[in-house]
Amino acid sequence: MHMLVASLVSALLWLCAPSCRAWEQRACLLSPERCMRDVSCWCMRRGQSLAVTLAAGEVLLPNRDSDGVYHRSLCEAVFFEVMPIESGSCASARQAKQKRKSHSLSIRRTNSSEQERAGLQRDMLEGQDSKLPSSVRNTLLELFGQIEREFENLYIENLELRREIDTLNERLAGEGQTIDGAELSKGQLKTKASHSTSQLSQKLKTTYKASTSKIVSSFKTTTSRAICQLVKEYVGHRDGIWDVSVAKTQPVVLGTASADHTALLWSIETGKCLVKYVGHVGSVNSIKFHPTEQVALTASGDQTAHIWRYIVQLPTPQPTADCNQVTGEDEVEFSDKDEPDGDGDGSSDCPTVRVPLTSLKSHQGVVIAADWLVGGKQAVTASWDRTANLYDVETSELVHSLTGHDQELTHCCTHPTQRLVVTSSRDTTFRLWDFRDPSIHSVNVFQGHTDTVTSAVFTVGDNVVSGSDDRTVKVWDLKNMRSPIATIRTDSAVNRINVCVGQRIIALPHDNRQVRLFDMSGVRLARLPRSNRQGHRRMVCCSAWCEDHPICNLFTCGFDRQAIGWNINIPALLQEK
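Residues numbered from 1 in each chain as written. Predicted model: local features only at pLDDT ≥ 70, side-chain atom pairs only at ≥ 80, totals over all residues. Heavy atoms only, no water.

*Asks:* Quick one: what's the story with unusual backbone geometry, residue by residue and with numbers?
*Replies:* Each neighbour pair has its own omega, and for Gln 250 with Pro 251 the value is -5°, a cis peptide bond. One can find Pro 251 in the loop between β9 (241-246) and β10 (253-258). Positive phi is not limited to glycine here, since Ser 396 has a value of about 65°. Structurally, Ser 396 can be placed in the loop between β20 (388-392) and β21 (398-402). Under the relative-accessibility criterion, Ser 396 is labelled partly exposed at 27%. Even without being glycine, Arg 504 reaches a positive phi, approximately 55°. By secondary structure assignment, the location of Arg 504 is in the loop between β30 (498-500) and β31 (505-509). (Helix = DSSP H or I, 4+ residues; strand = E, 2+ residues; numbered from the N terminus. Buried < 20%, exposed > 50% of the residue type's maximum accessible area, 1.4 Å probe, protein only.)

*Asks:* Give me the lowdown on the nonpolar core, citing residues and values where you can.
*Replies:* Among the nonpolar cores identified, the biggest contains 25 residues, and Phe 430, Phe 458, Val 465, Ile 506 and Leu 508 are the most heavily contacted of them. Sorting the residues of this core by element identifies β23 (420-425), β24 (429-434), β26 (453-458), β27 (463-468), β28 (472-477), β29 (486-489) and β31 as the ones contributing at least two each. The leading source of residues in this core is β26, at 4 residues. Setting aside residues no more than four positions away along its own chain, Ile 506 makes contact with Val 465, Val 475, Ile 488, Asn 498, Val 499, Arg 516, Leu 517, Phe 518, Asp 519 and Met 520. Of all hydrophobic cores here, the second largest spans 19 residues; its members include Cys 228, Ile 505, Leu 528 and Ile 564. (Core = buried A, V, L, I, M, F, W, Y, C linked by side-chain atoms within 4.5 Å. Contact = heavy atoms within 4.5 Å.)

*Asks:* Please set out the layout of surface pockets residue by residue, giving values where relevant.
*Replies:* As a volume, the largest pocket reaches approximately 1000 Å³. Taken together, 38 residues line the largest pocket, and the ones lying closest to its centre are Val 246, Lys 248, Asn 498, Val 501 and Trp 545. The class makeup of the residues in the lining of the largest pocket is 20 nonpolar, 11 polar and 7 charged. (1 Å grid on protein atoms, 1.4 Å probe; cavity = no way out; pocket = protein on both sides within 12 Å on 5 of 7 lines; lining within 4 Å. Points joined across faces, edges and corners; volume = space filled by probe spheres on them. Nonpolar A, V, L, I, M, F, W, Y, C, P; charged D, E, K, R; others polar.)

*Asks:* Any chance you could break down the sheet that holds strand β36 (residues 562-568) for me, citing the residues and the numbers?
*Replies:* Pairing is antiparallel across the open sheet formed by 4 strands, whose spatial order is β8-β36-β35-β34. Looking at the sheet topology across the chains shown, the edges are occupied by β8 (228-235) and β34 (540-545). Strand-to-strand twist across the sheet, computed as the mean angle between neighbouring axes with direction ignored, equals 20°. For β8 and β36, the ladder comprises 7 bridges, and the chain directions are antiparallel. Bridging across to β36, Gln 229 finds its partner in Asn 567. (Pairing = 2+ DSSP bridges. Axes fitted to C-alpha atoms, helices over the stretch in contact; angles between N-to-C directions.)

*Asks:* Just give me the short version of the pairing of strand β22 (residues 409-414), but keep the residues and values in it.
*Replies:* Across the 6 residues that make up β22, a large majority, 6, are buried. Sheet topology places β22 next to β23; 5 bridges connect them, and they run antiparallel. Counterpart to Cys 412 in the pairing with β23 is Thr 423.

*Asks:* Which residues make up the confidence of the model for the chain, and what are the values?
*Replies:* On average, residues of the chain carry a pLDDT of 75, and 62% of them reach 70 or more. A low-confidence stretch, residues 15-113 (pLDDT under 50), is modelled with 170 contacts involving residues beyond four sequence positions or located in other chains. Note on residues 208-222: pLDDT under 50 across the span, and 3 contacts to partners over four residues away in sequence or across chains. (pLDDT = per-residue confidence, 0-100.)

*Asks:* Please provide a residue-by-residue account of the packing of aromatic side chains, values included.
*Replies:* Inspection of the entire model under this criterion finds 9 aromatic pairs. Aromatic side chains Tyr 277 and Trp 308 sit 4.5 Å apart centroid to centroid with 0° between the ring planes, which places their arrangement in the stacked category. With a gap of 31 residues between them, Tyr 277 in strand β12 (residues 273-277) and Trp 308 in strand β15 (residues 305-309) connect regions that are remote in the sequence. The exposure classification of Tyr 277 matches that of Trp 308, with both residues buried. (Phe/Tyr/Trp six-rings, centres within 6.5 Å; stacked < 30°, edge-to-face > 60°.)

*Asks:* A description of the side chain of Thr 556 should follow, citing residues and the corresponding values.
*Replies:* Assignment of secondary structure puts Thr 556 in strand β35 (residues 554-558). Judged by relative accessible area, Thr 556 falls into the buried class, the value being 0%. Within the structure, Thr 556 has its side chain in polar contact with the side chain of Trp 566 (distance 3.0 Å). Every residue in contact with Thr 556, bar those within four places of it in the chain, is listed here: Val 515, Leu 528, His 536, Val 540, Cys 542, Ser 543, Gln 562, Ala 563, Ile 564 and Trp 566. (Polar contact = N/O pair within 3.5 Å; in protein donor to acceptor, adjacent residues only side chain to side chain.)

*Asks:* Give me the pairing of β9: which residues, what numbers.
*Replies:* Of all 6 residues making up β9, 5 are buried, and the element is well covered by its neighbours. Inspection of the sheet shows β9 paired to β10 by 5 bridges, in the antiparallel sense. Each bridged residue has a counterpart across the sheet, and for Ser 245 the counterpart in β10 is Gly 255. Counting the residues between successive antiparallel strands, the hairpin from β9 to β10 contains 6 residues.

*Asks:* Just give me the short version of helix α4 (residues 134-172), but keep the residues and values in it.
*Replies:* Here α4 contains 39 residues, and its C-alpha end-to-end distance of 57 Å stays within 8% of the 57 Å for a straight helix at 1.5 Å per residue. Residues of α4 that are buried include every one of Leu 140, Leu 141, Leu 143, Phe 144, Gly 145, Ile 147, Glu 148, Phe 151, Asn 158, Leu 161, Ile 165 and Asn 169, and no others. (Expected span 1.5 Å × (residues − 1).)

*Asks:* With reference to specific residues and values, describe the sheet that holds strand β25 (residues 442-447).
*Replies:* Strands sit in the order β22-β23-β24-β25 across an open sheet of 4 strands; the sheet is antiparallel. Both outer strands of the open sheet, β22 and β25, are each paired with one neighbouring strand and no more. This sheet shows a mean twist of 20° between the axes of neighbouring strands, independent of strand direction. As paired elements, β24 and β25 share 6 bridges and run antiparallel to each other. Its bridge partner lying in β25, Phe 430 is registered against Phe 446.

Structure, rendered in structure tokens:
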């Protein structure tokens, strides 16, 4: 059947090519692959019963697979016009999915006889202004007749199946059950009654689970609000914030790196912008503070990392309204209109730093992250060029180029007390680089994730925590790389994590706007509240602990263009554990 239609279509193309000008407004000559894709997509978007109209004027119904894709044998570079089938046309059909050896078509036909149809076809051809010889026209009529007979056989077979379905419906009428015409397989008939029972059982289980989950969720939310409180919002960036960090020296300030090409330093107590760095010409993807000096290290999409000095004078804290009052218990979904304005706190009037002390320029791609090695005399950068570079800060010279990752790097982190670096990548691995011996540097590869490793950070002792787009967080022992010692499974991709070193609490920022707290053994401790128009409204990109600060000891940032300071009652949190 398919070969017959293909032959007919090829003949029409050869015969009708001289008169294609009349079709140029409604038909096009396409390759087989392009034609199949365009026709299928158009059919699915329209959601109608469709036919393929040939240049000769006859309406044909191509056979389709059960997934709605036309057979390629109908695409021998032919003029196509896709159109809805009209109820009174010469040949119209609707598809019936059947589990049989060949696909069947159910065709709605008129009451005219086969002779009348042949005459109608002949009249249609004769009525057209065509230069076809009579022998060619007769051949076309014969081909159309064969196609019609094939469709008629399918139509008769479909009628017989319909009668069988009607008979089965009569038998089941006493039980109050009916079988839809599309359910043709005997297996479906046998499982109809059991399916109804299982569907009712599943509905009862879902209702029970939803009600109990709501009670438990309400209880947990109330508890989380008492332990985790939103203290301050830092608003001033004009685009999403990629990274957040806290200074390690006095005065303690908050730093944010944004896609708006700037890095801002904030007063934690007042939420006022203290310094703006505008030396980059690309998105600022990371910010880290020097361990002993008022110097910051930023990484950017302009393929550089900058080291720049800042001088800040903290303003006197002013009494602020309590942001923790909650009027409702249910969470509120935020819309785009709820996002803060770009310059809400007047970051444009704060002091600006425009020129760096040092610019690190050895990468051939976006520099996605940077960090200081212990002591602050060297810095490491991670890039989308699949390498990590180790620099001497004083001379800006490249000391080591760390290669081995198969795809772009996503993050880098240094050990707080040892010369160790961990880099994470889109190749689903993270690598540990050891620089404790100046003569050599060893590397260990950790494999355990199934998607991009978004970050890997050090903790107290010999542990590393890694987060991934595969929605898991794994805790590893550096002495045993084969398998993690704990695995945390979540419902959303995990971004740049951070660990409270003293209390061994992991803060997980998620793509779904949530921030969750877990301990090192994988036990969930809390979820930061999102209610009464508080919390992040977009993806949360990063988290950072500041354990000793009396007001805010956890900071998060996201693509809602704001950073948030939280007060986590850690003793109460661990007591509830």
